[in-house]
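These are the residues of each chain, in order.
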Amino acid sequence: MSPSVDIKSVTVNGHGHASSSHRRASNGTYGIFPKHKPTTDGFNTLSVHVGSSPDPATGAVIPSISLATTYAQAAPGLHKGFEYSRSDNPNRKAFEKMLASIEKGGEDALCFGSGSAATGVVVQALGNGAHVLCVNDVYGGTYRYLKRVASEIQSVEVTLLDLETVDEEVIRENIRANTKLIWLESPTNPTLKLMDVSRIAQIAHSHPSKPLLLVDNTFLSPFYSSPLLLGADVVLHSLTKYVNGHSDVVMGALILPPSLSSPHLKGFKDKLRFLQNATGAIPSPYDCWLAQRGAKTLGLRMRQHGLNALKVAKVLRSNPLVEEVMYPGLESSERYELAWSNLSSHARRWIEGDVLLRDLHHSSSSLSKPPEGGFPFSGMISF
């Protein structure tokens, strides 16, 4: 649903005159905006429109690619929001704005040249001698950075733990005085371990050390999961995969919640933004433009990924030559109830209001427990 606007006061085809709802956007372009921050836009509406305000000079509805490295200044330090493209760029800013809107609970997003670059900046921001508690089935690139780079250069200590199955006491015992970060990947690749993000968030935030909780949300994407609303402090994406979706961009991102609701994150956000600029681990304007275009169809693609994966998982499960099928959306999965509880609100609304009624012939439109027959849960299957 699009935000409501005063149609009478908006210029259409050169006629009429604009009201205060037709004003300059933060990215320097003009467009039709609600007088208050929208809260009712759907996932797909945000994906299509946020960061894509019409160009003030031409009226183009798709952002142009800004390849300039340097921007004119009226005086030293007096510019229109951009001075050097490593520090900020219109395409990167537009894409970051869009990412922060579709990762529910997010306010700030930072894009990087790869998911590994995003990983590196997060760990650098912890400082020297920090301890990281990490899920044991973590992505190989993350493991490599933690164990081969951060450990050797920053003296970072790493504890690997099966955070899917261990109880609260074990987690608390493994949080040290210098534990700065708990690193989750949910689901993991390729075994599809699933973490109870809200449970681990409660443990982290109630512990005297108060470590930050990061969730790598790459394989559920912002469509199927909203870790920030479950209590995570930082969400990481390899945008190379689902968000871009076209196998033509390598990029990563970090998304964080509002500082007002998470005051302990303010200093950490500032460090991340500083390191993004200082290390130069940034994506090109063209890659940002491509990824933003790809992300406009993320919701549609993730729906079909999930529907296809559920069908394939059911076929594999019925094959006597297949010993095990790992797909949390299968009713036979031991992770079935946790997967349902971890679903984003917009994915659950889609499943309850469309998939169950149409494809699974379910009679209920609001379920507190997972439905019979399975449900789409992203496109990852292991067997």
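Residues numbered from 1 in each chain as written. Predicted model: local features only at pLDDT ≥ 70, side-chain atom pairs only at ≥ 80, totals over all residues. Heavy atoms only, no water.

The next point concerns the packing of aromatic side chains. The tally for this structure, following the rule as stated, stands at 9 aromatic pairs. Seen in terms of ring centroids, Tyr 286 and Trp 289 are 6.3 Å apart; in terms of plane orientation they differ by 10°. Their pairing is stacked. With Tyr 286 and Trp 289 both in helix α9 (residues 285–295) and 3 residues apart, the pair spans about one turn of that helix. Linked through ring pairs, Phe 43, Phe 223, Tyr 224 and Trp 350 together constitute an aromatic cluster. Just above the ring of Tyr 139 sits the side chain of Lys 241; from NZ or CZ to the centre is 5.7 Å. (Phe/Tyr/Trp six-rings, centres within 6.5 Å; stacked < 30°, edge-to-face > 60°. Helix = DSSP H or I, 4+ residues; strand = E, 2+ residues; numbered from the N terminus. Lys NZ or Arg CZ within 6 Å of the ring centre and 35° of its normal.)

As a further point, take helix α3 (residues 115–125). The element α3 is extensively covered by neighbouring structure, given that 9 of its 11 residues are classed as buried. Listed in full, the buried residues belonging to α3 are Gly 115, Ala 117, Ala 118, Thr 119, Gly 120, Val 121, Val 122, Val 123 and Ala 125. Its side-chain oxygen at 3.4 Å from the backbone nitrogen of Ser 116, Ser 114 defines the N-terminal cap of α3. Gly 127, located one to two residues past α3, shows a positive phi value of around 90°. (Buried < 20%, exposed > 50% of the residue type's maximum accessible area, 1.4 Å probe, protein only. Polar contact = N/O pair within 3.5 Å; in protein donor to acceptor, adjacent residues only side chain to side chain.)

Attention now goes to a nonpolar patch on the surface. Together, Ile 65, Leu 67 and Tyr 286 give the surface a local cluster of nonpolar side chains, amounting to about 300 Å² of exposed area. Tyr 286 sits in the partly exposed class, given a relative accessible area of 42%. (Patch = residues over 30% accessible without salt bridge, like charges linked within 9 Å, V, L, I, M, F, W, Y side chains within 5 Å. Areas by Shrake-Rupley, 256 points an atom, 1.4 Å probe, with all protein chains shown as cover. Salt bridge = Lys/Arg side-chain N within 4 Å of Asp/Glu carboxyl O.)

Take the UniProt feature "modified residue: N6-(pyridoxal phosphate)lysine" (unreviewed entry) in the chain next. On the UniProt side, "modified residue: N6-(pyridoxal phosphate)lysine" (unreviewed entry) is annotated at positions that read Lys 241 here. Inspection of the secondary structure assignment puts Lys 241 in the loop between β8 (234–238) and β9 (252–256). Look at Lys 241 and you get partly exposed, because its relative accessible area is 33%. Those residues within four positions of Lys 241 in sequence are excluded, and the remaining contacts are Thr 218 and Phe 219. (UniProt positions renumbered as here; feature names shortened; annotations may be inferred. Contact = heavy atoms within 4.5 Å.)

Now for the state of the cysteines. Under the definition given, this model contains 0 disulfides. Here Cys 111 stays unpaired: no disulfide links it, and the sulfur of Cys 288, its closest cysteine neighbor, is 5.3 Å away. A residue is classified by how much of its surface remains accessible, and Cys 111, at 0% relative accessible area, is buried. (Disulfide = S-S within 2.5 Å.)

Now for empty space enclosed by the protein. Applying the stated criterion across every chain yields a total of 1 cavity of 30 Å³ or more. One number sums up the size of the largest cavity: a volume of about 30 Å³. In terms of lining residues, the largest cavity is bounded by Pro 187, Leu 192, Phe 219, Leu 220, Pro 328, Phe 377, Ser 378 and Met 380. Here the residues of the lining of the largest cavity are counted per class, giving 7 nonpolar, 1 polar and no charged. (1 Å grid on protein atoms, 1.4 Å probe; cavity = no way out; pocket = protein on both sides within 12 Å on 5 of 7 lines; lining within 4 Å. Points joined across faces, edges and corners; volume = space filled by probe spheres on them. Nonpolar A, V, L, I, M, F, W, Y, C, P; charged D, E, K, R; others polar.)

To continue, consider the sheet that holds β9. Pairing between the strands of a sheet is mediated by backbone hydrogen bonds and can be parallel or antiparallel. Taken together, the 7 strands give an open sheet; going across it, the order is β3-β9-β8-β7-β6-β4-β5, and neighbouring strands pair in mixed fashion. The sheet is open, and its two borders are formed by β3 (108–112) and β5 (157–161), each paired with just one other strand. The average undirected angle you get between the axes of adjacent strands in this sheet is 20°. Relative to β8, strand β7 (residues 212–216) runs parallel, the two sharing 3 bridges. Bridge pairing links Leu 214 to Val 234 in β8. Of the strands in this sheet, β3 and β9 touch helix α2 (residues 90–102), which is tilted by about 130° from β3. Against the sheet, helix α8 (residues 266–279) touches β3, β7, β8 and β9, its axis set at about 30° to β3. (Pairing = 2+ DSSP bridges. Axes fitted to C-alpha atoms, helices over the stretch in contact; angles between N-to-C directions.)

Most of strand β4 (residues 131–135) sits out of view: 5 of its 5 residues are buried. The two faces of β4 match: His 131, Leu 133 and Val 135 on one face and Val 132 and Cys 134 on the other face are all buried. Summarising the sheet, β4 and β5 pair through 5 bridges and their orientation is parallel. Paired with Cys 134 across the strands is Leu 160, a residue of β5. Taking the sense of rotation as the criterion, the β-α-β connection linking β4, helix α4 (residues 140–153) and β5 turns out right-handed. Here β4 runs beside strand β6 (residues 179–185); their pairing, made up of 4 bridges, is parallel. Counted as the bridge partner of Val 132 is Leu 181 from β6. (Right-handed = clockwise from strand over helix to strand, strands pointing away.)

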